[in-house]
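Fold and geometry: a report
Now for the letters of each chain:
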Amino acid sequence: MPTTTRRSTRATGLAGLLVAGLAVCAVITGCTPAPTSDDGSGSASGSAAPAGSPSASSGSTPSASSSASAPVVITIKLVDGTVSPNGSKIDVRRGQTVRLDITSDHDDEVHVHGFDIEIPVTANTPVTKEFVADQPGSVEIESHEPEKIIAIMNVR
Amino acid sequence: MITASLTALAVRTGGFVLVPMHGIGNRRDLPLPFGFVVGGAAAALVVSFVVLFFAWRSPRYRPLLDPLARQVSDVLTAVVDARGFRIAVRVVVLLVYLWAGLALFAGQDLLTNPVFGFVFVWMWVGLVPLSLLLGPWLRVTNPLRTLHRGLCALARTDPDEGLATLPARLGCWPAAVGIFGFAWLELIQPDRTTLPVLRVWALAWLVLLVLGAVVFGRRWIAAADPFEVYASAVARLSPWRRVDGRVTLVNPLAGLTASTPPPGSAAVVAALLGSTAYDSFSNTTFWISTVQDSTLPPELWQTGGLLVMMLAVGLSFGLGTVLMAPFTAPRRRAVELPRLMAPTVVPIVVGYAIAHYATLLVVEGQRTAIHWSDPLGLGWNVFGSARMGVNASIYDHPTAVAVVQVVAIVGGHVLGIVAAHEKSLQLFAPAGADGRTAPGAEPGLRTVVLGQLPLLVVMVFYTCAGLLLLFSP
């Protein structure tokens with residue numbers, strides 16, 4: 001009967017289109033390269049690097065070696081109530097060493113959540129702190145006076 | 001956001017150095033890989049247009065004619081309706097809330113107080129899976145209702161009657177305001193993980209709702225309690241439903257399109273979606289740097305951001321549904337359409353909630369369960385959980401988490417599209433005597449496509465925006 005034929009043809013067309021469309025989506029998902037962390041040096045003094053693309057290193061960083069054991073250096077400046085970087089996302093490979101170089105014009109504390117690190121800072125005295133990002137996840141680095149987010153570290 | 005508030009609490013406990021073994025969480029899910037975003041968005045688009053052009057033309061879920069398991073329903077109805085059972089579950093839930101109240105009013109103002117996790121994780125996030133699994137459990141066991149019932153028993157009044165009548169046009173608008181209020185508490189309120197602040201909010205909630213119930217009758221709680229309205233909205237998607245007074249298993253999509261939502265439903269849905277969207281958006285570098293660079297107080301920015309998100313969702317949804325009005329038969333007024341179509345957005349709300357808060361529920365939910373044994377911080381171990389550790393191994397599998405997030409959002413989208421399609425068909429053609437569309441009265445292709453296109457575009461936009469926010473630029 002025409003109705004049944006049309007309905008079954010439509011159903012077949014529907015199923016076929018769905019399968020084809022989802023196959024395309026699976027291919028897109030599978031073929032997009034997985035995001036890699038910055039090679040070695042990921043200084044982020046104010047520039048936001050989108051996850052999944054290699055970022056151009058800027059500012060003062062040690063020479064960029066592409067081995068995973070080179071530390072990620074984050075230069076933090078706390079000046080006049082502002083923070084630099086100002087909420088940037090920083091990609092770090094799991095197991096990589098992270099070094100924070102902090103200078104501040106007032107007494108403050110820098111907290112690295114997730115790793116439970118509190119770094120007291122005195123005015124005009126540079127402080128350096130190194131730690132190993134051994135657990136994956138997205139963690140905040142923030143200042144205490146005032147409470148501002150300096151950066152968000154994505155440890156993969 | 002929630003973990004930031006728990007974080008702030010950890011900071012505020014002033015220098016008691018948090019040894020890594022304690023694992024004071026405060027880490028979030030990693031951003032979605034961009035390939036997942038694109039793939040998910042593409043899948044959503046493909047499915048949407050396939051459904052639009054090729055799916056069925058006659059509503060198949062109206063009315064709820066075919067419950068899936070008649071025998072089970074008789075036994076189940078007898079159990080659920082038994083007086084003893086209802087009293088028992090109400091007492092259990094009341095006791096749980098009283099335990100939390102104990103922690104709130106007599107506990108210590110520290111990270112280890114379970115009440116913060118109870119409110120922000122168990123109550124607000126936990127009610128989603130509970131409602132999906134159990135149906136309208138909160139409407140039955142809401143401690144506010146139990147309290148009100150107790151007061152009425154003391155005063156020998158009928159709980160359904162109050163001093164004044166609640167106008168029907170008010171619907172659940174008060175709950176939409178309540179959801180905004182809770183979202184403000186959850187995301188913006190400074191010092192929200194301190195006991196003094198939370199006590200004020202808890203008392204305000206209690207007083208406004210119980211007094212309101214005294215004034216307007218029990219109906220007020222169904223109109224104004226954000227938790228109950230949220231749970232009831234999600235419960236529409238559960239397979240449990242009453243058909244002719246019997247508890248039965250039905251197709252969840254049938255339940256979603258069956259009943260008529262009260263006024264304010266679109267506002268409720270917009271508030272829920274908007275709050276999750278804002279939570280995600282507030283984590284972007286653009287937002288953080290804008291707020292931090294400005295001289296305006298951050299709370300002002302954040303309140304504005306939350307309001308704008310909710311309004312954006314509300315207005316876009318309103319526009320998408322109002323444009324359906326010319327295609328309805330019998331013709332509906334344009335202002336009714338958002339309310340009628342609001343339940344179809346619930347799967348998207350649930351998808352967003354799962355994507356954003358699933359790991360929080362798993363990790364911080366465990367932590368709350370551990371501290372639950374010691375509400376006063378005196379070293380108790382009432383339920384035996386106080387010495388346990390949190391299993392945070394879910395964070396070791398970011399790809400699996402990312403897959404769950406994409407499946408939740410795209411899956412919610414697909415269910416929403418299908419539900420919207422079904423509901424649209426119900427609106428585009430009048431029902432015959434048996435509840436189904438009369439043969440020959442099926443809407444034509446032009447009606448089906450043009451009538452649904454605006455809402456479909458809006459839903460695709462929500463899904464793509466949700467995925468992009470999870471990518472968290």
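Whatever comes next refers back to the structure up there.
So, here is what we can say about the structure in this document. (Residues numbered from 1 in each chain as written. Chains lettered and ligands numbered in written order. Predicted model: local features only at pLDDT ≥ 70, side-chain atom pairs only at ≥ 80, totals over all residues. Heavy atoms only, no water.)

Looking at the overall build of chain A
Check the secondary structure of chain A and you find one helix and nine strands. Scanning chain A from its N terminus toward the C terminus, one meets helices and strands in the order α-β-β-β-β-β-β-β-β-β. Of all 156 residues assigned to chain A, the portion counted as buried reaches 41%. Of the roughly 7500 Å² of accessible surface on chain A, a fraction of 59% belongs to carbon and sulfur atoms. (Helix = DSSP H or I, 4+ residues; strand = E, 2+ residues; numbered from the N terminus. Buried < 20%, exposed > 50% of the residue type's maximum accessible area, 1.4 Å probe, protein only. Areas by Shrake-Rupley, 256 points an atom, 1.4 Å probe, with all protein chains shown as cover.)

A look at the overall build of chain B
In terms of helices and strands, chain B carries 20 helices and two strands. Its C-alpha atoms give chain B a radius of gyration of 23 Å, within 12% of the compact-globule value 23 Å for 473 residues. The principal-axis extents of the C-alpha atoms in chain B amount to approximately 75 × 60 × 45 Å. Counting every position in chain B, which comprises 473 residues, the buried fraction comes to 55%. When the accessible surface of chain B is split by element, carbon and sulfur atoms take 70% of a total near 19900 Å². If the 32 positive side-chain charges of chain B are averaged to one point and the 23 negative ones to another, these points end up 6 Å apart. (Rg over C-alpha atoms; globule rule 2.2 N^0.38 Å. Lys, Arg positive; Asp, Glu negative; His and termini not counted. Charge placed at Lys NZ, Arg CZ, Asp CG, Glu CD.)

Quick word on the sheet that holds strand E8 (residues 137-143) of chain A
The strand order E3-E9-E8-E5-E6 (chain A) describes an open sheet built from five strands, whose pairing is mixed. The open sheet is flanked by strand E3 (88-92) and strand E6 (117-121) of chain A, the only strands paired with a single partner. Here the strands of the sheet are splayed against their neighbours by 20 degrees on average, with no regard to which way each runs. Two strands pair when backbone bridges link them, and strand E5 (residues 108-112) of chain A and E6 of chain A are joined in this way by five bridges, in the antiparallel orientation. For Glu109 of chain A, the partnering residue across the bridge sits in E6 of chain A and is Pro120 of chain A. With respect to the sheet, helix H15 (residues 285-293) of chain B is in contact with E3 and strand E9 (148-155) of chain A, its orientation differing from that of E9 of chain A by roughly 165 degrees. (Pairing = 2+ DSSP bridges. Axes fitted to C-alpha atoms, helices over the stretch in contact; angles between N-to-C directions. Contact = heavy atoms within 4.5 Å.)

Things to note about the sheet that holds strand E4 (residues 97-104) of chain A
Sheet strands pair via backbone hydrogen bonds, and the direction of the pair is either parallel or antiparallel. Residue and element names in this part refer to chain A. Pairing in this open sheet of four strands is mixed, and the strands run E2-E1-E4-E7 from one edge to the other. In this open sheet, the two edge strands, each paired with only one partner strand, are strand E2 (82-84) and strand E7 (127-132). For this sheet, the mean angle separating the axes of adjacent strands, direction not counted, is 20 degrees. Sheet topology places strand E1 (residues 72-79) next to E2; three bridges connect them, and they run antiparallel. Note that in E2 the partner of Val79 across the bridge is Thr82.

Quick look at the packing of helix H6 (residues 127-134) of chain B against helix H12 (residues 226-235) of chain B
All names here are of chain B. Between H6 and H12, whose axes approach to 8 Å, the crossing angle comes to 45 degrees. Between H6 and H12, the interaxial angle falls into the category oblique. In this structure, H6 crosses over H12, and the sense of that crossing is right-handed. Here H6 contributes Leu127, Val128, Ser131 and Leu132 to the contact with H12, which in turn contributes Phe227, Tyr230, Ala231, Val234 and Ala235. (Parallel < 35°, antiparallel > 145°, perpendicular 65-115°, else oblique. Left-handed = near helix turned anticlockwise from the far one by under 90°.)

Let's talk about the pairing of strand E2 (residues 246-249) of chain B
Residue and element names in this part refer to chain B. Pairing of strand E1 (residues 240-243) with E2 involves four bridges; the strand directions are antiparallel. Note on E2: the bridge partner recorded for Arg242 is Val247. The antiparallel pairing of E1 with E2 creates a hairpin that spans two residues between the two strands, and Asp244 there sits at a positive phi of about 55 degrees.

A few points about the side chain of Thr321 of chain B
Residue and element names in this part refer to chain B. Turning to its location among the elements, Thr321 is positioned in helix H16 (residues 298-322). With relative accessibility at 0%, the residue Thr321 sits in the buried group. Among the polar contacts made by the side chain of Thr321, one reaches the main-chain carbonyl oxygen of Phe317 at a distance of 2.8 Å. Residues within four places of Thr321 in sequence aside, it is in contact with Leu337, Pro338, Met341 and Leu455. (Polar contact = N/O pair within 3.5 Å; in protein donor to acceptor, adjacent residues only side chain to side chain.)

Comments concerning the packing of aromatic side chains
All names here are of chain B. Going through the model one piece at a time under the given rule, you end up with 21 aromatic pairs over all chains. Look at Tyr278 and Trp287: their rings are 6.0 Å apart centre to centre, the planes differ by 90 degrees, and that puts the pair in the edge-to-face class. The same class applies to Tyr278 as to Trp287, namely buried. Look at Phe281 and Phe286: their rings are 6.4 Å apart centre to centre, the planes differ by 50 degrees, and that puts the pair in the tilted class. Here Phe286 falls in the exposed class, since its relative accessible area comes to 55%. (Phe/Tyr/Trp six-rings, centres within 6.5 Å; stacked < 30°, edge-to-face > 60°.)

With respect to unusual backbone geometry
The linkage connecting Ser84 of chain A with the following residue, Pro85 of chain A, adopts the cis geometry, with an omega of 0 degrees. Take Pro85 of chain A: it is sitting in the loop between E2 and E3. Here the residue pair Glu145 of chain A and Pro146 of chain A is connected by a cis peptide bond, since its omega of 0 degrees sits within 30 degrees of zero. Positive phi outside glycine occurs at Asp116 of chain A, with the angle close to 55 degrees. With respect to the helices, strands and loops of the structure, Asp116 of chain A is situated in the loop between E5 and E6. Backbone geometry places Arg156 of chain B, a non-glycine residue, at a positive phi of 55 degrees. By secondary structure assignment, the location of Arg156 of chain B is in the loop between helix H8 (143-155) and helix H9 (173-187).

Describing the pairing of E9 of chain A
All names here are of chain A. Counting buried residues in E9 gives eight out of eight residues, a clear majority hidden from the surface. When E3 meets E9, the two strands line up parallel, connected through five bridges. Directly across from Val92, in E9, lies its bridge partner Val155. Here E8 folds back onto E9 in antiparallel fashion, the turn holding four residues.

A few points about the pattern of salt bridges
Residue and element names in this part refer to chain B. For the structure on display, the rule yields 10 salt bridges over all chains. Residues Glu336 and Arg332 are paired through a salt bridge, measuring 4.0 Å at the closest nitrogen-oxygen approach. Classification of Arg332 as partly exposed rests on a relative accessible area of 29%. Linking Arg367 and Glu364 is a salt bridge whose minimum nitrogen-to-oxygen distance equals 2.9 Å. One end of the pair is Arg367 and the other is Glu364, both in helix H18 (residues 346-371) and three residues apart, which spans about a single turn. When salt bridges that share partners are traced, they join Asp81, Arg86 and Arg242 into one network. (Salt bridge = Lys/Arg side-chain N within 4 Å of Asp/Glu carboxyl O.)

Some words on helix H19 (residues 398-428) of chain B
Given a rise of 1.5 Å per residue, 31 residues ought to cover 45 Å, and the 44 Å separating the end C-alpha atoms of H19 of chain B matches this to within 8%. Taking burial as the measure, the 31 residues of H19 of chain B include 22 buried ones, the bulk of the element. (Expected span 1.5 Å × (residues − 1).)

Brief notes about a nonpolar patch on the surface
Residue and element names in this part refer to chain B. Together, Phe105, Leu147, Leu151, Leu154, Leu163, Leu203, Leu206, Val207, Leu211 and Val214 give the surface a local cluster of nonpolar side chains, amounting to about 950 Å² of exposed area. Breaking the nonpolar patch down by element, the ones donating at least two residues are H8 and helix H10 (195-216). Here the element with the most residues in the nonpolar patch is H10; it accounts for five residues. By the secondary structure assignment, Leu211 is in helix H10. (Patch = residues over 30% accessible without salt bridge, like charges linked within 9 Å, V, L, I, M, F, W, Y side chains within 5 Å.)

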